[in-house]
There are 2 protein chains.
Amino acid sequence: MSTLTSTPDALAQRLADSGLRSTPQREVIYDVLLKKRDHPTADEVFARVKSELPTISLATVYNCLETLVQCNLVRAVNFERGPTLYCPNLRPHAHFHDEQTGATHDIDLPEGLLAQVTTILPQGYDAKSVEIIFRGKAQSAR
Amino acid sequence: MSTLTSTPDALAQRLADSGLRSTPQREVIYDVLLKKRDHPTADEVFARVKSELPTISLATVYNCLETLVQCNLVRAVNFERGPTLYCPNLRPHAHFHDEQTGATHDIDLPEGLLAQVTTILPQGYDAKSVEIIFRGKAQSAR
DNA sequence: CAACAAATTGGAATGGTTCTAAGGTGCAAG
DNA sequence: CTTGCACCTTAGAACCATTCCAATTTGTTG
Ligand SMILES: [Mn+2]
Ligand SMILES: [Mn+2]
Ligand SMILES: [Zn+2]
Ligand SMILES: [Zn+2]
């Protein structure tokens, strides 16, 4: 099982690996992210999760999302100072931020691109991660 | 005079071009950014500017920085949800965020790299800007 | 100078996120 | 079992960078 697969079942495993418990809140939040693979804010996740867990609190949504990020099941994405977006796509990808619609699109990276981009770093720079963000206009699907 | 040069004198010109006034606040703030070419926050700029303009307000610092960004004399840079950083380097460059020290380093881009990265976009995506962010550890200058 | 627009100012408001303190939950040792 | 204890969730307060607002100041134009 590679680190790139995302299934609801992967969750219990990853949590256990980190010595954390599987809870209804964590499961439902992860399910919600996998079901509609867009880039919701914590508030948006809160709204979607409420139908399943009507008494969940916003603090718990933040806590669980943070846990999922720590377990490497979800990526946190930021544009300028906007609210953090949560992305369950674990493949190496860039983000395209559509300035008209506010939508965020995943752009898969060709094999080797990150390695190549990293070669621009002068000696002495040791990058643990590289992030690529595009901003512009995306053609709407017709 | 290319768009890549940064001189105090360029400011009056750019402001005029946009129908804006040259003010002491705007001049001193721009000078402060050019003098120490790091990536200060608005608060940091506020602190540096106060010695020259003791009565300046933080709101004005925000207003002026925003004006400089609109005039393309300064770039605003964000890491996660941290305070916005202001960068007077107008050459195409990436940012390296040193996670140990919190320092931000400019990484000049080789000719053609942005064009090449942009080729990963599928048809229908029209990027107006590309941003590259590295995170990791940078060797301290010894 | 008068009129008006542009810019600055201090302080209040905003909004996403984090913190805090109080309960709840569930495995584990006895 | 059942008690202990760590983990987790919860509501609401606090935080803090930034924006907004209304009042004043500054500068330009007629
Ligand atoms: Mn947007
Ligand atoms: Mn940092
Ligand atoms: Zn994504
Ligand atoms: Zn820079």
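Above this text you will find the structure in question.
Residues numbered from 1 in each chain as written. Chains lettered and ligands numbered in written order. Predicted model: local features only at pLDDT ≥ 70, side-chain atom pairs only at ≥ 80, totals over all residues. Heavy atoms only, no water.

J.: What exactly am I supposed to notice about the relation of the copies chain A and chain B here?
T.: Each of the two chain copies can be generated from the other by rotation about an axis followed by a shift along it. Of the transformation placing chain A onto chain B, the axial shift is 0.0 Å and the rotation is 180°, giving an RMSD of 0.0 Å. Here the copies are linked by what is in effect a two-fold axis. Proximity to the rotation axis, assessed at the C-alpha, singles out Ile132(A) in chain A; its C-alpha lies 2.4 Å from the axis. When the interface residues of chain A are mapped onto chain B, 100% of them are again interface residues, pointing to one common binding face. (Least-squares fit on C-alpha atoms with pLDDT ≥ 70 in both. Contact = heavy atoms within 4.5 Å.)

J.: Would you mind showing me how to read the coordination of the zinc ion (ligand 3) here?
T.: Residue and element names in this part refer to chain A. Around the zinc ion (ligand 3), the donor atoms from the protein are His39 (NE2), Cys87 (SG), His93 (NE2), His95 (NE2) and Asp106 (OD), and they sit 2.1 to 2.3 Å away. Of note, the donors binding the zinc ion (ligand 3) are all from one chain and are spaced H-x47-C-x5-H-x1-H-x10-D. With His39 in the loop between helix H2 (24-35) and helix H3 (42-50) and His93 in strand E3 (residues 93-98), this pair connects stretches of sequence that are 54 residues apart. Residue classification places His39 among the buried positions, given a relative accessible area of 10%. (Donors = N, O, S within 2.8 Å, 3.2 Å for Na, K, Ca; no water. Helix = DSSP H or I, 4+ residues; strand = E, 2+ residues; numbered from the N terminus. Buried < 20%, exposed > 50% of the residue type's maximum accessible area, 1.4 Å probe, protein only.)

J.: Please explain the protein's contact with DNA strand C as it appears in this structure.
T.: Around DNA strand C sit 18 residues, and of these Tyr62(A), Thr84(A), Arg21(B), Thr23(B) and Thr60(B) come closest. Atoms of DNA strand C within 4 Å of the protein: sugar and phosphate make up 77%, bases the balance. Between DNA strand C and the protein, one listed contact pairs a phosphate oxygen with a side-chain N or O atom of Thr23(B) at 2.7 Å. In the environment of DNA strand C, a phosphate oxygen lies 3.3 Å from a nitrogen or oxygen atom belonging to the backbone of Ser57(B). Of all the elements in the fold, those that place two or more residues in the surface near DNA strand C are helix H4 (58-70) of chain A together with helix H2 (24-35) and helix H4 (58-70) of chain B. Tallied by class, residues from the surface near DNA strand C come to 7 nonpolar, 7 polar and 4 charged. (Near = heavy atom within 4 Å. Polar contact = N/O pair within 3.5 Å; in protein donor to acceptor, adjacent residues only side chain to side chain. Nonpolar A, V, L, I, M, F, W, Y, C, P; charged D, E, K, R; others polar.)

J.: Explain the sheet that holds strand E4 (residues 104-108) of chain B here, please?
T.: Strands in a sheet are paired, the pairing made by backbone hydrogen bonds, and the direction either parallel or antiparallel. Spatially, the 6 strands line up as an open sheet ordered E4(A)-E3(A)-E5(A)-E5(B)-E3(B)-E4(B), and their pairing is mixed. Edge positions in the open sheet fall to strand E4 (104-108) of chain A together with E4 of chain B, since each of these has one partner strand only. When strand polarity is set aside, the average angle formed by the axes of neighbouring strands in this sheet is 30°. With 5 bridges joining them, E3(A) and E4(A) adopt antiparallel strand pairing. The partner of His93(A) across the bridge, within E4(A), is Asp108(A). (Pairing = 2+ DSSP bridges. Axes fitted to C-alpha atoms, helices over the stretch in contact; angles between N-to-C directions.)

J.: For this particular structure, what's the right way to read the interface of chain A and chain B?
T.: Across the contact, 35 residues belong to chain A and 35 residues belong to chain B. For the pair chain A and chain B, the summed buried surface comes to about 3,000 Å²; carbon and sulfur atoms form 57% of the total. When residues of chain A are sorted by the area they lose upon contact with chain B, Arg81(A), Ile120(A) and Phe134(A) head the list and together hold 21% of the total. Here chain A and chain B share 4 salt bridges between them. There are 18 residue pairs in polar contact (both at pLDDT 80 or more) connecting chain A and chain B. Looking at the side of chain A that touches chain B, the elements with two or more residues in it are E4, helix H5 (113-118) and strand E5 (125-138) of chain A. (Buried area = accessible area lost by both parts, 1.4 Å probe. Salt bridge = Lys/Arg side-chain N within 4 Å of Asp/Glu carboxyl O.)

J.: Mind showing me how you'd approach H4(A) here?
T.: In an α-helix there are 3.6 residues to a turn, and that puts residues three or four apart on one side. Residues and elements named next belong to chain A. Here H4 contains 13 residues, and its C-alpha end-to-end distance of 18 Å stays within 8% of the 18 Å for a straight helix at 1.5 Å per residue. Residues Val61, Cys64, Leu65, Thr67 and Leu68 constitute the buried set of H4. Looking straight down H4, one finds its buried side chains confined to an arc of 160°; they lie on one side. In this structure, H4 carries Asn63 and Gln70 as exposed residues pointing more than 90 degrees from its buried face. Following H4 by one or two positions, Asn72 adopts a phi angle in the positive range, close to 60°. (Expected span 1.5 Å × (residues − 1). Arc of directions from axis to C-beta.)

As far as function goes, none of this settles anything; it's purely spatial.
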